[in-house]
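Secondary and tertiary structure notes
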Amino acid sequence: MNRKFLATIIIVIVVLLGLGAYLYASGQGGNEVLVVATTTSLEDTGLLEEIEAAFEAKYPNIDMQVISAGTGIAIEYGKRGDADIVLVHDREREEELIAEGIGTERNPFAYNYFYIIGPSDDPAQIRGMNAAEAFIKIKDEGEENPDLVEFISRGDDSGTHASEKKIWDATGLDYSKTIQTGKWYVESGKGMGDTLMIANERQGYTLSDSGTFLSFKAETQLEILISESEELLNVYTAIPINSNLVPDTNIDAADKLVEFLLSSEGQKIIEDFGIEEYGQTLFTPLKNGPKPINYI
Amino acid sequence: MSEIIEGIYQAINLILTLNPEMLEITLRTIYISLSSTLFATIIGVPLGGLINFKTFKGKRGLVNIIQTLYSVPTVLVGLFVFLLISRAGILGELNLLFTPTGMILCQTILIMPILVGFTINALSGVEKNIEDLAMSLGANQFQTIYTIMKEAKYALMGAVILGFGRAISEVGVALLIGGNIRGFTRVITTTISLETSRGNIALSVALGIILMLIALVINLILNIIQEK
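About the cut-offs
Residues numbered from 1 in each chain as written. Chains lettered and ligands numbered in written order. Predicted model: local features only at pLDDT ≥ 70, side-chain atom pairs only at ≥ 80, totals over all residues. Heavy atoms only, no water. Helix = DSSP H or I, 4+ residues; strand = E, 2+ residues; numbered from the N terminus. Buried < 20%, exposed > 50% of the residue type's maximum accessible area, 1.4 Å probe, protein only. Areas by Shrake-Rupley, 256 points an atom, 1.4 Å probe, with all protein chains shown as cover. Lys, Arg positive; Asp, Glu negative; His and termini not counted. Charge placed at Lys NZ, Arg CZ, Asp CG, Glu CD. Contact = heavy atoms within 4.5 Å. Salt bridge = Lys/Arg side-chain N within 4 Å of Asp/Glu carboxyl O. Polar contact = N/O pair within 3.5 Å; in protein donor to acceptor, adjacent residues only side chain to side chain. Nonpolar A, V, L, I, M, F, W, Y, C, P; charged D, E, K, R; others polar. Domains from an automatic or database assignment. Expected span 1.5 Å × (residues − 1). Arc of directions from axis to C-beta.

With respect to the overall build of chain A
Counting its secondary structure elements, chain A contains 13 helices and 10 strands. Across its three principal axes, chain A shows a C-alpha extent of roughly 75 × 55 × 40 Å. Classification of the 296 residues of chain A by burial places 53% in the buried group. Carbon and sulfur atoms form 49% of the exposed surface of chain A, whose accessible area is close to 12,700 Å². The distance from the centre of the 23 positive side-chain charges to the centre of the 50 negative ones in chain A is 3 Å.

Description of the interface of chain B and chain A
It is common to report an interface's size as the accessible area lost on association of the parts. Contacts between chain B and chain A engage 38 residues on the former and 39 residues on the latter. Our count for the chain B to chain A interface comes out at 4 salt bridges. At the surface where chain B touches chain A, the tally comes to 7 residue pairs in polar contact (both at pLDDT 80 or more). Of all the elements in the fold, those that place two or more residues in the side of chain B that touches chain A are α2 (20–53), α4 (74–85), α5 (100–125), α7 (141–151), α10 (188–197) and α11 (201–227) of chain B. At 8 residues, α2(B) tops the list of elements feeding residues into the side of chain B that touches chain A. A per-class count over the side of chain B that touches chain A returns 18 nonpolar, 10 polar and 10 charged.

Comments concerning the domain arrangement of chain A
What the domain assignment reports for chain A is domain 1 (1–29), domain 2 (30–111 + 235–285) and domain 3 (112–232). Placing a centre on the C-alpha atoms of domain 1 of chain A and another on those of domain 2 of chain A gives a separation of 36 Å.

Some points on α4(B)
Given a rise of 1.5 Å per residue, 12 residues ought to cover 16 Å, and the 16 Å separating the end C-alpha atoms of α4(B) matches this to within 8%. Turning to α4(B), its buried residues are T74(B), V77(B), G78(B), V81(B), F82(B) and I85(B). One side of α4(B) carries all its buried residues, which in axial view fall inside an arc of 140°. Contact partners of the buried residues in α4(B): α4 (71–79) of chain A together with α5, α8 (153–169) and α9 (172–178) of chain B.

Quick look at the environment of R87(B)
The topology assignment puts R87(B) in the loop between α4 and α5. Between the C-alpha atoms of R87(B) and L97(B), which are 10 residues apart in sequence, the distance is 7.9 Å. Aside from chain neighbours lying at most four places away, what touches R87(B) is R80(A), G81(A), D82(A), D84(A), P247(A), D248(A), T249(A), G92(B) and N95(B).

Okay, structure coming up:
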């Protein structure tokens, strides 16, 4: 057994060395690595894959590596120096990152609107309202009849969850006292896709970014009930990480990505994205496209 | 339920057409999980042997701790290694975060308790009289240990297979340490997680089927080695 055991281990090692060499050689063209931490909606829709391909074609020596996570963890990666640039959508936390000196600059590059999604029979009758009115109505109807009207929240401190809380703030209701304690208020603690599946199973209402909902639409019996309300504006921003403050980030490549996102080539990719797969655009470019209402 | 049938169909299609991206992800999955299993085996089996054959104070407590670690959540191990190898961490200089090497390191740590613990179990299961017999036939200490290891080979192989199973199927470490970077650290489990959040349910089922097939093939190979 001894000899055979040794032989097995040697064979395994040889196979692994070969595999490793093959994978490293085939996978990576570029020698300069740009780590991009992004919110899930940009990756899940597939937009970033297209941007990556075009960016790497333009800068063949840069290898863009995308890590998709919620806005919360993406910013954390930036703070720890594990990402060179973050692409996120939560204005307050973005401004904090700039104030701390970790992010160099907010570069808004695209926007769309969150949708308020719900069952097609709309048990709380929110169609045609603005976002804050609709939230109050869902709460009132939910308190009265929690079996019929439910709101499914991400509850995960993501950018989408932050926007949801901002709408609750706009209603004047106390989020932790009045909303979170409600029997009708369900916190999934999961990503947008999973939350939509839960909303579908329970036939509840939820807030979703447009991209993720459109890619899930076919799997659910849910509908867009409210879109394009002022409070539903969702702006995506690129923030390079300051290499003077955080160890060893690749600020040059990060600046190149910002430049590319705001160039007419990058803005065109954003503008055209989604037509082929979803029959409609998912993002509006912020530099070349029309500005959203009340945009500061 | 139609997604499952569609998934089976897609799995067959992906395998027959040898989809290049799929092939690359599959090879990477095998590379990472097999490497972790190899390292954990090389370190874990002798370590388990050492713990089994030595008598020392607190041995029972140590074995208890090792067995408790069987159920350590993968994300917890991931988080621990993340804090260690993140650029702001102690080993940040090595730039291991978001690389296949970092994933191998973390999975090795994850499955080490299984290898160590099951080695102890396997060896202590060998009857005492075999040890006595070997000694009485004039075997030295090394030869005795070797004889006992040989007796326990099936149980030891079981430990390796179990460790491999945990490494190839886990997603917590792969996401947190690997980051699911396309063309670099993406493995089958993280692809399933991504495709599910993209709403491609059937594709996720197909990938799951492929993962099970790989596990089947590798287990068959390990069994053939064991039988001979």
